Amino acid sequence: MDTKTKINPEKLPLHVAIVMDGNGRWATTRGLFRYKGHERGTKAVREVVEGAAEIGIKYLTLYAFSTENWKRPETEVNLLMKLLVSSLKSELTKLTENDIKLNAIGNIDNLPAPAKEELLSVIEKTKNHQRMTLTLALSYGSREELVKTVKEISVKTKNRLISPLDIDEQLINNHLYTHNLPDVDLLIRTSGEQRISNFLLWQIAYAELYFTDVLWPDFTKEDLYKALLNYQNRERRFGRTSDQLNE
Ligand code: FPP
């Protein structure tokens with residue numbers, strides 16, 4: 001039996017998030033420019049988006065560019081932005097054929113104008129799609145998101161639109177970039193690094209973490225299905241005991 005057929009469609013994670021890591025190493029170990037790794041990384045993005053939609057994942061979130069990634073050499077940043085624009089242009093048809101809605105989280109006002117425009121255009125054109133929501137985290141950092149949230153809530157409190165007593169988990173959630181997404185159930189990181197790197201810190205409170213040595217450009221549908229199978233063999237207790245779950 002192959003991995004895909006072993007997956008129980010009733011027990012799929014609702015929201016899968018991925019830290020796509022290892023593009024640079026994939027390229028340099030082959031004597032190629034780092035850019036080639038990012039280019040191959042887009043192929044893996046296409047394959048994994050397709051694989052996630054096929055199996056029935058409802059929410060897939062990809063860490064495409066972090067707030068810290070702005071510190072990379074300007075040429076690499078520019079190339080990544082160009083790759084984003086060309087991928088958005090070329091993938092619109094596939095997103096439409098597969099009924100996938102594009103969404104973005106992060107400080108997208110910081111993106112170069114062509115990237116922001118293309119992104120907003122694809123988001124608008126796919127907004128009524130139902131099968132899966134694909135979220136790209138772009139110029140995203142969890143700490144920046146939390147600072148933004150605290151500022152917005154403080155202003156509302158100061159202007160007496162809300163009372164400090166109204167501040168609860170739901171209200172904080174409503175101010176995050178991810179306000180229209182469920183909590184993450186499964187977080188995957190490729191390339192052997194075992195870090196969170198400022199990704200969805202609030203949203204992964206109860207996520208299962210899955211680390212694989214596979215470099216992102218080599219990551220396939222089969223690797224995604226292995227991660228899903230691994231997830232299905234875990235017991236999620238959300239603070240309760242095993243016995244309570246079986247009652
Ligand atoms: C991490 O690899 C990857 C990135 C910072 C960018 C991810 C971008 C892509 C997969 C391509 C473009 C994406 C879209 C959505 C069009 P790294 O460069 O940190 O690798 P390293 O750790 O081996 O140096």
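### What to know about helix α5 (residues 113-125)
Argument step 1. Its 13 residues place the ends of α5 18 Å apart at the C-alpha level, agreeing with the 18 Å of an ideal helix rising 1.5 Å per residue.
Argument step 2. Within α5, the full set of buried residues consists of A115, E118, L119 and V122. The buried residues of α5 all sit within an arc of 100 degrees when viewed along its axis, so they share a single face.
Argument step 3. Taken together, the buried residues of α5 touch α4 (74-97), β3 (100-105) and β4 (132-140).

### Details of the nonpolar core
The tendency in soluble globular proteins is for nonpolar side chains to be buried as a group.
Argument step 1. In this structure, I18, L60, I188 and L228 are the most contacted members of the largest nonpolar core, which totals 44 residues.
Argument step 2. The leading source of residues in this core is α4, at seven residues.
Argument step 3. If near-sequence neighbours (up to four positions away) are discounted, I188 is found in contact with V16, A17, I18, V19, Y210, F219, L224 and A227.
Argument step 4. If you look at the next biggest cluster of nonpolar residues, it comprises 13 residues, including Y63, I105, Y140 and L187.

### As for the sheet that holds strand β2 (residues 59-66)
Argument step 1. Strand order across the open sheet formed by six strands is β3-β4-β2-β1-β5-β6, with parallel pairing between neighbours. Here the strands that pair on one side only, and so sit at the sheet edges, are β3 and β6 (208-211). Adjacent strand axes in the sheet meet at a mean angle of 20 degrees when their direction is disregarded.
Argument step 2. Summarising the sheet, strand β1 (residues 15-19) and β2 pair through five bridges and their orientation is parallel. Bridging across to β2, V16 finds its partner in L60.
Argument step 3. The strands that α4 touches are β2, β3 and β4; relative to β4, the one it contacts most, it runs at about 165 degrees.

### Focus on the pairing of β2
Argument step 1. Extensive coverage of β2 is indicated by the burial of six of its eight residues.
Argument step 2. As paired strands, β2 and β4 are joined by seven bridges and run parallel to one another. Across the sheet, F65 pairs through a bridge with L138, a residue of β4.

About the cut-offs
Residues numbered from 1 in each chain as written. Predicted model: local features only at pLDDT ≥ 70, side-chain atom pairs only at ≥ 80, totals over all residues. Heavy atoms only, no water. Helix = DSSP H or I, 4+ residues; strand = E, 2+ residues; numbered from the N terminus. Expected span 1.5 Å × (residues − 1). Buried < 20%, exposed > 50% of the residue type's maximum accessible area, 1.4 Å probe, protein only. Arc of directions from axis to C-beta. Contact = heavy atoms within 4.5 Å. Core = buried A, V, L, I, M, F, W, Y, C linked by side-chain atoms within 4.5 Å. Pairing = 2+ DSSP bridges. Axes fitted to C-alpha atoms, helices over the stretch in contact; angles between N-to-C directions.

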